[in-house]
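Remarks on the overall topology
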Amino acid sequence: MFWSWMRHGLAAGVISGVGCWASAADALSLRLIGSYEIPTGTMFEGAEFGGISAIDLGPDGVFYALSDDRGGEGRTPRFYMLDLDYDGGGFHDVKIAGVRHMRDLGGEHFPSEKRSVDPEGLRFAPSGNLYWSSEGNFSDAADEFVQPFLREMTPEGAYVRDLAVPGLFNYFDNATAGARSNKVFEALAVEESGAIWIVNEDAIFEDGPAASLEAGSLVRFTRFDAETGRADGQFVYALPAIPLDAKEGAPFAPDNGVAELLTLPNGGLLALERAFAWGRGNTIRLVSTGILNSATDVTGQQSLVDLELTMMPRELVLEMGPEFEGVTLDNMEAMSWGPDLPNGNRSLVLVSDNNFNDSQRTLFMAFEVTGLAED
């Protein structure tokens, strides 16, 4: 994988090889079971349903799905309870079973009349509480400037605590230092041990340029100790170049980023890379990765430029182009393990964030998973 990273033109540091990786990618196989759509504009309890940026199967057998609604559109930041009806033969139905609202440190709902958070990641803790991440809000207006965070809440949405996110992920000027606007904590995973993982979606300014058509970028996988709430490890992952260019006249440039994470039974991680090119569509890659004993721990390093790094491995499990087995992909951002199928195999669910855009929809995709190592 070292050579493929170098072909993508990653020049921010000297990258050494990763050695042997006991990857799940060699045996892991995904079969699309089916898909289901909820149209944009669907209402539930007086608010528009959508913006699903994270999903996790709860201990009660219900899927908890986080909306990335920031407030400011007359809607309060919230998460949903969903009943997903699928089996080995197809995806039959999605029912919205309920909605709850995240609460701030004072126990109040976040405001609906202004942007105050950008909810992106959601995972259950072993305790039954939930971790959630916010990308914050970079703005030139002082009253709208909010830093990213990683937070714990109860299943009812009540505040429990903030975890100590390293300051290098804070917004500064969105030009020379700190995090890039809207490119922070999309991805969140929790190990059975309780350890928490977050990833910045694209490189912070100190670590080099953002992903482009010519080159990838370097992002940091940061691990937190659940007891102390502090980061206890940080490792570097090479995001590849953007696979497709936007059509001529596009209103914005194409992008690529790490949008979601799951833990694997073998101790590794399954990453969802999501790329979008206007007029061309979405490219979704599921990638097996993890930590090797030789991977460089960059905790405390303010920049990755000119460092000699041993990277995390990157083994492709599945790549889906704008069209995959008859399904037009959308902005896939959410990923969760699902219940076992009738044949005993594990299931996997992906969900798209429709951005509350009439040209998009909330797309659910269910997969049958085989080849998962349990040791």
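Residues numbered from 1 in each chain as written. Predicted model: local features only at pLDDT ≥ 70, side-chain atom pairs only at ≥ 80, totals over all residues. Heavy atoms only, no water.

**Observations regarding the confidence of the model for the protein chain**
Residue-level pLDDT values for the protein chain average 91, and 92% of them are 70 or greater. Under a pLDDT of 50 for its full length, residues 1-22 has, in the predicted model, 61 contacts with residues more than four places off or in other chains. (pLDDT = per-residue confidence, 0-100. Contact = heavy atoms within 4.5 Å.)

**Brief notes about the pattern of salt bridges**
Scanning all chains against the criterion turns up 19 salt bridges. Where Arg-75 meets Asp-69, a salt bridge forms, and the shortest distance between an N and an O atom there is 2.4 Å. Considered together, Arg-75 and Asp-69 belong to a single accessibility category, that of buried residues. Where Asp-118 meets Arg-70, a salt bridge forms, and the shortest distance between an N and an O atom there is 3.3 Å. You can see Asp-118 sitting in the loop between strand S8 (90-101) and strand S9 (119-124) and its partner Arg-70 sitting in the loop between strand S6 (63-67) and strand S7 (78-87), a full 48 residues away along the chain. Overall, Arg-70 belongs to the buried group, its relative accessible area being 16%. Each of Glu-48, Asp-69, Arg-75 and Arg-78 takes part in salt bridges that share partners, so that together they form one network. (Salt bridge = Lys/Arg side-chain N within 4 Å of Asp/Glu carboxyl O. Buried < 20%, exposed > 50% of the residue type's maximum accessible area, 1.4 Å probe, protein only. Helix = DSSP H or I, 4+ residues; strand = E, 2+ residues; numbered from the N terminus.)

**Observations concerning the side chain of Glu-135**
With respect to the element layout, Glu-135 can be found in the loop between strand S10 (130-134) and strand S11 (149-153). The charged side chain of Glu-135 is buried without a salt bridge, its nearest counter-charge being Arg-70 at 5.5 Å. For Glu-135, the side chain forms a polar contact with the main-chain nitrogen of Val-184, separated by 2.8 Å. Not counting residues up to four positions away in its chain, the partners in contact with Glu-135 are Asp-118, Glu-120, Pro-148, Tyr-171, Asn-182, Lys-183, Val-184, Phe-185, Glu-186 and Glu-201. (Lys, Arg positive; Asp, Glu negative; His and termini not counted. Polar contact = N/O pair within 3.5 Å; in protein donor to acceptor, adjacent residues only side chain to side chain.)

**Some details on the sheet that holds S11**
Strand order in the open sheet formed by 4 strands is S9-S10-S11-S12, with antiparallel pairing between adjacent strands. Each of the sheet's edge strands pairs with one partner strand only, and the pair in question is S9 and strand S12 (159-162). Pairs of neighbouring strands in the sheet enclose a mean axial angle of 25 degrees, with direction left out of account. Of the strand pairs in this sheet, S9 and S10 are connected by 5 bridges, and their pairing is antiparallel. Directly across from Pro-119, in S10, lies its bridge partner Ser-134. (Pairing = 2+ DSSP bridges. Axes fitted to C-alpha atoms, helices over the stretch in contact; angles between N-to-C directions.)

**Some words on the environment of Ala-275**
Within the fold, Ala-275 resides in strand S18 (residues 269-277). Distance in space between the C-alpha atoms of Ala-275 and Thr-362 is 17 Å, their sequence separation being 87 residues. The contact partners of Ala-275, leaving out residues within four places of it in the chain, are Pro-243, Asp-255, Asn-256, Gly-281, Asn-282 and Thr-283.

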